[in-house]
Amino acid sequence: MTETIVGIGTRKGLWLARSTDRVSWQLEGPHFLMSEVLSLLFDTRAGRNRLLVGFRSSHWGPSLQHSDDLGRTWVEHPEGSIRFPEDTDTALKATWQLVADPHDDQVVWAGTEPQGLWRSEDAGETFTLNRGLWDHPHRPEWGEGAGGGAIHTVLPSPVDRQSMLVAMSTGGVYNTRDGGTSWNPGNKGIHAYFMPHDEWPEFGQCVHKVARDPEVPSRLYCQNHRGVYRSEDDGVTWQSIEEGLPTNFGMTVVAHPRRGETLWLVPITSDYQHVPPDAQLQVQRSDDGGRTWRTQANGLPHTWTNVLRDAACTDGDPDEPGLYVGTRNGEVYASTDGGESFSLLATQLPDVYCVRALTVA
Amino acid sequence: MTGMSARVVIPGVLRDLAGGAHELTVDLTEPVSLGEVLDGAFEPWPILNSRIRDERGDIRRHVNVFVDGADAKRAQGVQTPVGPASTVHVINAVSGG
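As named in an unreviewed UniProt entry, chain B is Molybdopterin synthase subunit MoaD, taken from Pedococcus cremeus.

Identification of chain A as Glycosyl hydrolase from Pedococcus cremeus is taken from an unreviewed UniProt entry.

In this complex, chain A contributes 13 residues to the contact, which on the side of chain B involves 15 residues. A class-by-class count of the residues in the side of chain A that touches chain B yields five nonpolar, four polar and four charged.

All names here are of chain A. The four strands are arranged 8-9-10-11 in an open sheet whose pairing can be described as antiparallel. Whereas interior strands pair on both sides, the edge strands pair on one side only; in this sheet they are strand 8 (94-100) and strand 11 (128-129). Relative to strand 9 (residues 108-113), strand 8 runs antiparallel, the two being bridged by six bridges. Paired with Leu98 across the bridge in strand 9 is Ala110.

Our next topic: the sheet that holds strand 7 (residues 75-76) of chain A. All names here are of chain A. Strands sit in the order 4-5-6-7 across an open sheet of four strands; the sheet is antiparallel. A strand with exactly one partner marks an edge of an open sheet, and here the two such strands are strand 4 (36-43) and strand 7. In this structure, strand 6 (residues 61-67) lies alongside strand 7, joined through two bridges in antiparallel fashion. Paired with His66 across the strands is Val75, a residue of strand 7.

Here we come to the pairing of strand 2 (residues 13-19) of chain A. Residues and elements named next belong to chain A. Alignment of strand 1 (residues 3-10) against strand 2, held across seven bridges, turns out to be antiparallel. Across the sheet, the residue bridging to Ile5 is Arg18, located in strand 2. What sits between the antiparallel neighbours strand 1 and strand 2 is a turn of two residues. For strand 2 and strand 3 (residues 26-31), the ladder comprises four bridges, and the chain directions are antiparallel. Bridge pairing links Leu16 to Glu28 in strand 3. Hairpin connection, strand 2 to strand 3: the antiparallel pair is bridged by six residues, and Arg22 has positive phi, about 60 degrees.

Each value, and the rule that gives it
Residues numbered from 1 in each chain as written. Chains lettered and ligands numbered in written order. Predicted model: local features only at pLDDT ≥ 70, side-chain atom pairs only at ≥ 80, totals over all residues. Contact = placed C-beta atoms within 7 Å. Nonpolar A, V, L, I, M, F, W, Y, C, P; charged D, E, K, R; others polar. Pairing = 2+ DSSP bridges. Helix = DSSP H or I, 4+ residues; strand = E, 2+ residues; numbered from the N terminus.

As structure tokens, this is what we get:
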């Protein structure tokens, strides 16, 4: 029997939703009550059953903890899993991204605020700062979006262990091809309308989220602050794919886990109206890599809320991957037919910051 | 000079991170800085320390520390002197929503 577990990170704690049919759900929680849960990773590599959680308390600061029994018990490293080295004179504010490495089953990557990329070689218990990116000469010019200045997207290449893309807002996309020693901006073609003297700068873009195509790893999709793009060269240059969308603004983009050129966006009216177009929560689906789009809103409400950059995901169901979106007014919707219809998974939760799903065979 | 102990009173919500203790003591023979007292008090309890101070040793923004009733952030911060008979209160700030 297959079980699906959806981790729901919110402004005031973590909930876990469990289902064997993805129709009726049992909600467990909260864990870390009154902490902002910003990043989640289910890690089942190498026989593990690990849930890694990055959260922060407004009083007691950031923390990273893991559970190997799905939340019955939690472990926190006594010295802190992520600590900025003394010479940086920097303190961790939050961990916004946790990603399993596709090549080494002990390696986990973390993206933090301030803008740090971290590598763990013990499945997320301790991390080391990537100095190549930390010491990048562009760092003083990287900015802070509303969510803070953070590495919010970490995409290791599944075919080249020396290659990785990270993204931040503002700052944009950076790539390494030498295992993290050196990093180059990869923002050609991404518009930065807010830059007064050069709207097409080398870096400084407000990239909100990037997703990788599952069939062609050098193909990427980007939801930018005003603009939706595709890259065919592993994140070096980008082409607009916003034609046909109701708006070009949004926070997130999700790629289908197995089918190439299939992706979803969650549109937001504009950068000054953070509500869905026509106040109708919806996803925009493309089956051709962004050449055409169609609206999917069946089961989604008329509402004035929106969906944040990590509050949408898919699961690993072998037949039809589920699609999950969580809203800032504390609801999570699930689709088991690729977005054609949604049902309410959870309601009356705090603002949803992130969702991640695990399929257990 | 006879040795005495400065007391560090822990907020109730964090006492599990100090083995359930209501307060920790640090033996002193002369005044030292608040930072040194917290170093001594929290040395066996690193997770408690991380809740109160960041990795630079700075007291977190929404945590207040009082030395003998005076707010250390309005005095000399972690350099505020703590005497051998002083009481240090660690208090979560009245903030949030």
